[in-house]
Amino acid sequence: MTLTAAPAETQPSDPTPRPASAGVVLTLARWSTRHKAKALIGWFLFVAVVFVGGQLAGTRLLEGAETGTGESGKADKIVEQAGYPATPTERILVQARSGSLDAATATAVGTELRSKLTGMPQVSQVGDLVRSADGRSALLPVVLNVNGKTGNAAYDVAADQVPAVQAVTAGVAGAHPDLRVDQVGDASLDKAIGGQVSKDFSRAEKLSLPITLGILILTFGALIAAGVPVILALSAVMAGIGLSALVSHVVPVMDSLNSVILLIGMAVGVDYSLFYVRRAREERAKGAGRRDAIEIAAQTSGRAVVVSGLAVFIAMSGLLLSGDATFVSMAVGTMLVVAVAVLGSLTALPAMLAAFGDKVDRPRIPLVHRLRRPDGEGRFWPAVMRVVLHRPAISLVLAGAAMVALALPALGMRTGEAGADSLPRSIPIMKTYDAMTAAFPQTGFAHTVVVHSDQPLDAKALDAGVAGLVADARATGQFTGLDDVHPVLAPDGRTATIDVPMTGDFSGKPAQASLTTLRDTLVPPFAAAVSVPGTQVLVTGPTAGSADFASSMRAHLPWVMAFVLGLTFVVLVFAFRSVVVAATAVVLNLLSVGAAYGVLVLVFQHGLGHQLLGFQSGGVVIDWLPLFLFVVLFGLSMDYHVFVVSRIREAHDSGLPTKVAVARGVTSSAGVVTSAAAVMVGVFSIFGTLSLLEFKQLGVGLAVAVLIDATVVRAVLLPSAMTLLGRRNWWMPAALERRLPAQQH
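Since this is a predicted model, take the numbers as computed values, not measurements.

Engineer: What am I meant to see in the overall build of the chain here?
Structural biologist: Secondary structure assignment for the chain yields 24 helices and 11 strands. Over its C-alpha atoms the chain spans a radius of gyration of 30 Å, differing by no more than 12% from the 27 Å that the globule rule assigns to 745 residues. C-alpha extents for the chain along the principal axes are approximately 90 × 50 × 45 Å. Taken over 745 residues, the chain has a buried fraction of 55%. Partitioning the intrachain contacts of the chain with sequence separation of at least 6 by distance along the chain shows that 79% fall at a separation of at least 24. For the chain, the exposed area adds up to about 30,000 Å²; of that, 62% sits on carbon and sulfur atoms. Separation between the mean location of the 57 positive side-chain charges and that of the 52 negative ones in the chain comes to 16 Å.

What follows is the structure, given as structure tokens:
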């Protein structure tokens, strides 16, 4: 049983049996090379149509309540449907730079602000000036005018209203240099943080393309050969973005999905093109004709692209079982871009190679091209293989022990959400936020108790119940700012919300402890006090949402892992006709993921190297990362595994002994794997420099995992394990062998 139709040692006419999938890939390649213009025009027309179509159709984003899970998600939906008017509020902080704030001065500044803000079209209402307990500060609430909008639309309008109010605040601040007059609120915070994120991503995008192109130039030594993978990857990303926008009208998506599509699309798009182009040039250097070289690349690397793409597709589809709308939208976007990248690699890429011909090796980069070896092996990887395969058992034990040691810290992983404390204080508004919450604790984060009934609520019973709730909460000592707690009735009269301020950041341990107390101890007697038939009392808020999300992830992660591992195993059994190869792939990829988890815990939970990366350790790994990293890393690592094992199988089927076949397969693929990994590590490392903690963790986790996977796993663990297994690598139960589709000749 063979993997390919044309091992490196034979000509394309060799009558070695090949699987049906190789026949389809070869048919596509032959059609594309013979109809170059049609293939290329069709590809770029497809990309343009779906991209423009997606832009014209617009993107339907997930609403706030659609992203919730558990009790908090249910409460959020009740509040959203209750008809509460949107009241995004900005707060203007007036503070003495030293000492106490004179009452007359505070009143005068408040009056000045009120006179300037009242009547502005951007402002709906200006509240009363509130003095702090220590007498150093005053706070003026300003409700923004959202023109009757609700939900996300209201906050979009509020973000547009913020600059006008900030201009007034800045003007008053300039007139009172002896005072601190600053503005902060949900809308201005979102605008400032969103602006920083946009700036970061813009920088990442500007850096990623030159890094990718630079590494590919070093790989190929020629500009056109380096540019082809970038063009194919970018076109796949554009098509993926357009398709996801169209699909969003059926499955709403998160607002940052395009960034995820860019990240995954560039990674797989460059990889697939790199595998294909490198093999075609390698065969051409061996003396194959132009068309023969492309056909050999189709039969070998093209089929590896199909298997790898299917593995990535399966891994990403595991997110559909996450029970979370945000992850479902990620699954849809990434599955689309992977499918498009595979399609482009099998159709447009052969056409491009045929169109360029030998000009793909032009213009040559001086010195760089001369340093490149035609066989792509170099001297380093053969030397590594000699050491590894000389003592495969020792190599396996040492590398395996190192991977397990890296993974062990993951056993103590603590997950949580990135709170306000994790936001960089280089964003000026965060300093204002710190000053406001220090002076007015009740303006910080709060738990929200939601009361909902099938019939109108009794206002008196509700007030009495809230009074008892406040008294009980005060007795615990876990809450703050309880003097201003009161129920807010919805227009429907059947829903009420009660904000119970918490101590510190919503992601901190005090907030988590107070949530447990509220849900387990305080809510039951409150519910009994206000309860009538059909009444629900639920707790939501940022801490509750984070806790419910983490609980949902713990419940769904085993199912996602079982689905991804099981289906990937089946695909690899079919692809390589070997149970052992499939099982080895699953175990090695799990080691890669475990090592990445361990590094995340060491760096971001225990703070190892936090000064180098420029962040303040929050003591947690972001709650959505373990699941997301598992599917992404498992999928991307399959790129390398499938490609390397394909070359090993190809060498084995040409008659080489297992040890020699392993050495040949690893060294012949080492150059392209190293280049592909370098591209990924370079791009992912950029994310490690971004401002927000979750993006730092994402970038570091992906970069470390890819680096480990392309070096320790592919260059040490895989060859040593396959060498020790010998002929057992290709074992397949006879009963299963008979049930597999017959191979075509």
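Engineer: Honestly, the packing of aromatic side chains in this entry has me stumped. Any pointers?
Structural biologist: Within a pair of aromatic rings, the relevant descriptors are the distance that separates the centres and the angle that separates the planes. Counted under the stated rule, the structure contains seven aromatic pairs. Taking 6.1 Å as the distance between ring centres and 35° as the angle between the ring planes, the aromatic pair formed by Phe327 and Phe549 counts as tilted. With Phe327 in helix 10 (residues 325–346) and Phe549 in helix 18 (residues 542–576), this residue pair connects regions lying 222 residues apart in the sequence. Taken together, the ring pairs in this structure connect Tyr433, Phe445 and Phe506 into an aromatic cluster.

Engineer: Teacher, can you tell me more about a nonpolar patch on the surface here?
Structural biologist: A surface patch of nonpolar side chains, about 310 Å² in accessible area, is lined by Ile41, Leu45 and Val49. One can find Val49 in helix 2 (residues 36–57). Relative accessible area serves as the criterion here: at 53%, Val49 is assigned to the exposed category.

Engineer: Before we go on, may I ask you to explain the environment of Arg114 in this structure?
Structural biologist: Considering the arrangement of structural elements, one finds Arg114 in helix 4 (residues 103–117). Residues Arg114 and Gly416, spaced 302 residues apart in sequence, show a C-alpha to C-alpha distance of 40 Å. With residues near it in sequence (within four places) discarded, Arg114 still touches Val126, Gly127, Asp128, Leu129 and Leu140.

Engineer: Explain the nonpolar core to me, please; I cannot follow it from the model alone.
Structural biologist: The tendency in soluble globular proteins is for nonpolar side chains to be buried side by side. One finds Phe327, Phe628, Tyr640 and Phe684 to be the most contacted residues of the largest nonpolar core, which totals 176 residues. With 17 residues, helix 21 (residues 625–653) is the single largest residue contributor to this core. The residues touching Phe327, leaving out its near neighbours within four places in the chain, are Leu319, Ser322, Phe549, Met553, Trp624, Leu627 and Phe628. Judged by nonpolar contacts, the second largest core, of 26 residues, contains Leu117, Val126, Val146 and Ala158.

Engineer: When you look at the layout of surface pockets in this model, what are you seeing that I'm missing?
Structural biologist: The method is simple in principle: a probe with the dimensions of a water molecule rolls over the atoms, and the space it marks as empty is what remains. In this structure, the second largest pocket encloses a volume near 490 Å³. Contributions of two or more residues to the lining of the second largest pocket are made by helix 14 (392–407), helix 18, helix 19 (579–605) and helix 21. Counting residues per element, the lining of the second largest pocket draws most heavily on helix 19, at six residues. Taken together, the residues that form the lining of the second largest pocket break down as 18 nonpolar, two polar and two charged.

Engineer: Please explain a negative patch on the surface as it appears in this structure.
Structural biologist: On the surface, a cluster of negative charge is made up of Glu63, Glu80, Asp156 and Asp160. Overall, Glu63 belongs to the partly exposed group, its relative accessible area being 30%.

Engineer: Can you help me understand the pairing of strand 10 (residues 536–540) in this one?
Structural biologist: For a regular strand, side-chain orientation follows a simple rule: the groups alternate between the two sheet faces. Within strand 10, four of the five residues are buried, which leaves the element mostly enclosed by the surrounding structure. Bridging between strand 7 (residues 446–452) and strand 10 involves five bridges; their strand directions are antiparallel. Across the sheet, the residue bridging to Val451 is Val537, located in strand 10.

Engineer: Sorry, what's going on with unusual backbone geometry here?
Structural biologist: One can expect most non-glycine residues to show negative phi and most peptide bonds to be in trans. A cis geometry characterises the amide bond from Arg362 onward to Pro363, with omega recorded as -20°. With respect to the element layout, Pro363 can be found in the loop between helix 11 (348–356) and helix 12 (368–371).

Engineer: Explain the packing of helix 22 (residues 658–687) against helix 23 (residues 693–725) here, please?
Structural biologist: For any two helices packed against each other, the geometry comes down to the angle between their axes and how far apart the axes lie. It is the contact of helix 22 with helix 23, at a shortest axis distance of 10 Å, that shows an interaxial angle of 175°. In this view, helix 22 runs roughly antiparallel relative to helix 23, as classed from their interaxial angle. Residues Thr658, Lys659, Val662, Val666, Val673, Ala677, Met680, Val681, Phe684, Ser685 and Phe687 of helix 22 pack against Phe695, Lys696, Gly699, Leu702, Ala703, Val706, Leu707, Ala710, Arg714, Pro719, Met722 and Thr723 of helix 23. Its residues assigned to classes, the contact of helix 22 with helix 23 comprises 16 nonpolar, four polar and three charged.

Engineer: Looking at this structure, I do not really get empty space enclosed by the protein. What am I missing?
Structural biologist: Going through the model one piece at a time under the given rule, you end up with six cavities of 30 Å³ or more. Estimates place the volume of the largest cavity at around 110 Å³. Of all the elements in the fold, those that place two or more residues in the lining of the largest cavity are helix 6 (186–220), helix 8 (257–285) and helix 22. The dominant element in the lining of the largest cavity, judged by the number of residues it contributes, is helix 6, at five residues. Here the second largest cavity defines a volume of roughly 60 Å³.

The rules behind each value
Residue numbers run consecutively from 1 along every chain, following the written order of its sequence. Local features in this predicted model are restricted to residues of pLDDT 70 or higher, and side-chain atom pairs are both shown and tallied only at a pLDDT of 80 or more, whereas totals for entire chains, interfaces and linings draw on every residue. Only hydrogens and water are removed before side-chain values are computed, so all heavy atoms of the structure are retained for them. Secondary structure is summarised from DSSP: a helix means a run of H or I of at least four residues, a strand means a run of E of at least two, and numbering begins at the N terminus for each. Here the globule rule reads 2.2 Å times residues to the power 0.38, and the radius of gyration is calculated from C-alpha atoms. When a residue's accessible area, from a 1.4 Å probe over protein chains only, is under 20% of the maximum for its type it is buried; when over 50% it is exposed; and in between it is partly exposed. Here, two residues are considered to be in contact whenever any of their heavy atoms come within 4.5 Å of each other. Accessible areas in this description were obtained via Shrake-Rupley with a 1.4 Å probe; residue shielding takes into account the shown protein chains only. Only four residue types enter the tally: Lys and Arg on the positive side, Asp and Glu on the negative side, with His and both chain ends excluded. All charge positions are set by atom: Lys at NZ, Arg at CZ, Asp at CG, Glu at CD. To pair, rings of Phe, Tyr and Trp, with the six-membered ring standing in for Trp, must have centres within 6.5 Å; the planes then decide the type, stacked if under 30 degrees apart, edge-to-face if over 60, and tilted in the middle. Like charges within 9 Å and nonpolar side chains (Val, Leu, Ile, Met, Phe, Trp, Tyr) within 5 Å are joined into patches, using only residues over 30% in relative accessible area that form no salt bridge. Salt bridge, as used here, is a side-chain nitrogen of Lys or Arg placed within 4 Å of a carboxyl oxygen of Asp or Glu. Residues enter a nonpolar core if they are buried and are Ala, Val, Leu, Ile, Met, Phe, Trp, Tyr or Cys, with the set joined through side-chain atoms within 4.5 Å. In this analysis, the protein atoms alone were mapped onto a 1 Å grid. Cavities are point sets where a 1.4 Å probe fits without being able to get out; pockets are open sets with protein on both sides within 12 Å along at least five of seven lines; lining residues have an atom within 4 Å of a point. Grid points are joined across faces, edges and corners, and a volume is the space filled by probe spheres set on the points. Side-chain classes follow a simple rule in which Ala, Val, Leu, Ile, Met, Phe, Trp, Tyr, Cys and Pro form the nonpolar group, Asp, Glu, Lys and Arg form the charged group, and the remainder, Gly included, forms the polar group. Whether two strands pair comes down to DSSP finding at least two bridges between them. Orientation is described by axes fitted as lines to C-alpha atoms, over the contacting stretch for helices, and by angles from 0 to 180 degrees between their N-to-C directions. Geometric relationships in this document are graded by angle, where less than 35 degrees denotes roughly parallel, more than 145 denotes roughly antiparallel, 65 to 115 denotes roughly perpendicular, and other angles denote oblique.

Remember, this is a structural readout, not a statement about activity or role.
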